[in-house]
Amino acid sequence: MRRLFSVSHLTAGFIAVLVGYTSSAAIVFQAASAAGGSAEHIGSWLWALGIGMFATSVGLSLWFKAPVLTAWSTPGAALLAVGLSGVPMSEAIGAFLFASALIVVCGVFGLFEAIMRHVPKSLAAALLAGVLARFGMALFSSLSSELLLVGAMFAVYFAGRRWLPRYAVPLAFLVGLLLAAASGMIHAEAVSLTLALPVWTTPTFSLTTLIGVGLPLFIVTMASQNVPGLAVLRANGYQTPASPLITWTGVTGLLLAPFGGFAFNLAAITAAICMSPAADPDPAQRYRASVWAGVFYLFTGLFGATVAALFGALPAALVAAIAGLALLGTIGNSLGAALADEREREAALVTFLATASGMSLFGIGSAFWGLLLGLLVLKVMPTR
């Protein structure tokens, strides 16, 4: 029981949710508004997303005893914020159902797992390092704007690494909160406690919307979210089968799409926080951090916009700093694993640099292209 309530598990779960919401909750608001959603619809979308992420994160983590963290599709939300302009809400819901159905098909027939079997561990590690690199760099770039706040968190983190390694991240976060509060940097005036209520929208289906919105939503969710999400699991040594993970996220989307749950997928960046040594020195126990993240997802869903506003009240430098500190160990381990095999080093380096670049082609993010380029280099380069 004491291990279930470990401070490091709870803190890692909270930071994962904090980073996820502060980095992309605003995009979800924009997506719902693009489809003509009212304030009630936006609350319902956040309710559906929170409930879905809670159910899949907790259920899959407990079942597989691995830190399986799910998330909404951030590139999918960005796509919807543009693609849903002028689209009726009912047709948007139909497109969500279509995308989730395609995800279920991929999971049930093992198509995704068959592809990932051909990805070497070095490229998976390079992909993870590239995805997380911008968070590590943001830690240091935030020093220029908030030297005292971020500098103090940095110092406390490494002091904790020296004497209390398991609590280094929680201590740094606590110091950051105290300094931000003392400096008047936390603006919670507009935050009010309000429960979100689900709003059912009966789906309608339009061929143009299914092709123009539903199909791209499926592609970017699989390529930009599930590929790096599974790579994070593999890079951290978890051999959890991919098919049930993909299937259940798709099924969750089918159930919650009428309420605004547009797409669920494996998390990558936030999942890496729950898989880091800071969450637990024992990799077999890190799934508890994902369980706690799921619990926090439940509260973010129930209180919807209230929680998003609360996260938004924190200074951006604090969020950037704590995310970077929580991921330092994972970035270092990933780079070490990516470059360890000299025969695959060049391909891994291409994967890392392309992914870290943030490039985007045809609406698909850099994680997919980084992995594809790395595999191509691996094919054409000699093995000796």
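Residues numbered from 1 in each chain as written. Predicted model: local features only at pLDDT ≥ 70, side-chain atom pairs only at ≥ 80, totals over all residues. Heavy atoms only, no water.

Caption draft 1: Geometry of the packing of aromatic side chains. Enumeration according to the criterion identifies 13 aromatic pairs in this entry. Measuring from ring centre to ring centre gives 5.4 Å for phenylalanine 14 and phenylalanine 296, while their planes differ by 70°; the resulting arrangement is edge-to-face. Residue phenylalanine 14 is found in helix α1 (residues 7–34), and its partner phenylalanine 296 is found in helix α12 (residues 287–303); the two are separated by 282 residues along the sequence. On the numbers, 4.9 Å between centres and 65° between planes, the contact of tyrosine 21 with tryptophan 72 is edge-to-face. (Phe/Tyr/Trp six-rings, centres within 6.5 Å; stacked < 30°, edge-to-face > 60°. Helix = DSSP H or I, 4+ residues; strand = E, 2+ residues; numbered from the N terminus.)

Caption draft 2: How the structure looks around the packing of helix α9 (residues 207–235) against helix α10 (residues 242–256). Relative to each other, α9 and α10 sit at 140°, their axes nearing to 12 Å. As the angle between them shows, α9 and α10 are arranged oblique. Pair α9 / α10 crosses with right-handed handedness. When α9 is examined against α10, the residues Met222, Asn226, Leu230, Leu233 and Arg234 are found in contact with a partner set consisting of Ala242, Leu245 and Ile246. Residues belonging to the contact of α9 with α10 are distributed by class as follows: 6 nonpolar, 1 polar and 1 charged. (Axes fitted to C-alpha atoms, helices over the stretch in contact; angles between N-to-C directions. Parallel < 35°, antiparallel > 145°, perpendicular 65-115°, else oblique. Left-handed = near helix turned anticlockwise from the far one by under 90°. Contact = heavy atoms within 4.5 Å. Nonpolar A, V, L, I, M, F, W, Y, C, P; charged D, E, K, R; others polar.)

Caption draft 3: Summary view of empty space enclosed by the protein. Here the structure, examined in full by the defined rule, presents 2 cavities of 30 Å³ or more. The computed volume of the largest cavity comes to approximately 50 Å³. Together, Ser8, Thr11, Ala12, Ile15, Val169, Pro170, Ile273, Ser276, Ala278, Ala279 and Ala326 line the largest cavity. Every element with two or more residues in the lining of the largest cavity is listed here: α1 and α8 (168–182). If one sorts the elements of the lining of the largest cavity by residue count, α1 sits on top with 4 residues. In the lining of the largest cavity, the residues fall into 8 nonpolar, 3 polar and no charged. Computed from the structure, the second largest cavity encloses a volume of approximately 40 Å³. Around the second largest cavity, the lining residues are Pro67, Val68, Leu69, Gly229, Leu233, Leu266, Ala267, Ala271 and Met275. (1 Å grid on protein atoms, 1.4 Å probe; cavity = no way out; pocket = protein on both sides within 12 Å on 5 of 7 lines; lining within 4 Å. Points joined across faces, edges and corners; volume = space filled by probe spheres on them.)

Caption draft 4: Expanded view of the nonpolar core. The biggest cluster of nonpolar side chains holds 116 residues, and the ones touching the most others in it are Trp45, Leu84, Phe96 and Phe262. The leading source of residues in this core is helix α6 (residues 121–141), at 12 residues. Setting aside residues no more than four positions away along its own chain, phenylalanine 262 makes contact with Val28, Trp45, Leu49, Trp72, Ser73, Gly76, Ala77, Leu80, Phe96, Ser100 and Leu217. (Core = buried A, V, L, I, M, F, W, Y, C linked by side-chain atoms within 4.5 Å. Buried < 20%, exposed > 50% of the residue type's maximum accessible area, 1.4 Å probe, protein only.)

Caption draft 5: Quick peek at unusual backbone geometry. The backbone of lysine 65 sits at a positive phi, close to 55°, despite the residue not being glycine. With respect to the element layout, lysine 65 can be found in the loop between α2 (39–64) and β1 (70–72). On the basis of relative accessible area, lysine 65 is assigned to the partly exposed category, the value being 45%.

Caption draft 6: Structural view of the environment of glutamate 346. Along the chain, glutamate 346 turns up in helix α15 (residues 345–357). Take glutamate 346: its relative accessible area is 49%, and that puts it in the partly exposed class. The sequence separation of glutamate 346 and proline 315 amounts to 31 residues, and the corresponding C-alpha distance is 39 Å. Aside from chain neighbours lying at most four places away, what touches glutamate 346 is Val377 and Met381.

Caption draft 7: Molecular detail of a nonpolar patch on the surface. On the surface, a nonpolar cluster with roughly 500 Å² of combined accessible area is contributed by Val7, Trp163, Leu164, Tyr167 and Leu171. Along the polypeptide, valine 7 turns up in helix α1. Judged by relative accessible area, which is 44%, valine 7 ranks as partly exposed. (Patch = residues over 30% accessible without salt bridge, like charges linked within 9 Å, V, L, I, M, F, W, Y side chains within 5 Å. Areas by Shrake-Rupley, 256 points an atom, 1.4 Å probe, with all protein chains shown as cover. Salt bridge = Lys/Arg side-chain N within 4 Å of Asp/Glu carboxyl O.)

Caption draft 8: Quick look at the layout of surface pockets. Estimated volume of the largest pocket: approximately 820 Å³. Residue lining of the largest pocket: 34 residues in total, with Thr74, Pro75, Arg134, Gln225 and Ile269 positioned closest to the centre. Of all elements in the fold, only α1, β1, α3 (74–83), α6, α9, α11 (269–274), α15 and α16 (366–380) reach the threshold of two or more residues within the lining of the largest pocket. For the lining of the largest pocket, the leading source of residues is α1, giving 6 residues. In the lining of the largest pocket, the residues fall into 19 nonpolar, 14 polar and 1 charged.

Caption draft 9: Region of interest: α16. Under the 1.5 Å per step criterion, the end-to-end length of α16 is 21 Å for 15 residues, consistent within 8% with the ideal 21 Å. Here α16 has its buried residues at Ser366, Ala367, Trp369, Gly370, Leu371, Gly374 and Val377. Considering only its buried residues, α16 is in contact with α6, α9 and α15. (Expected span 1.5 Å × (residues − 1).)

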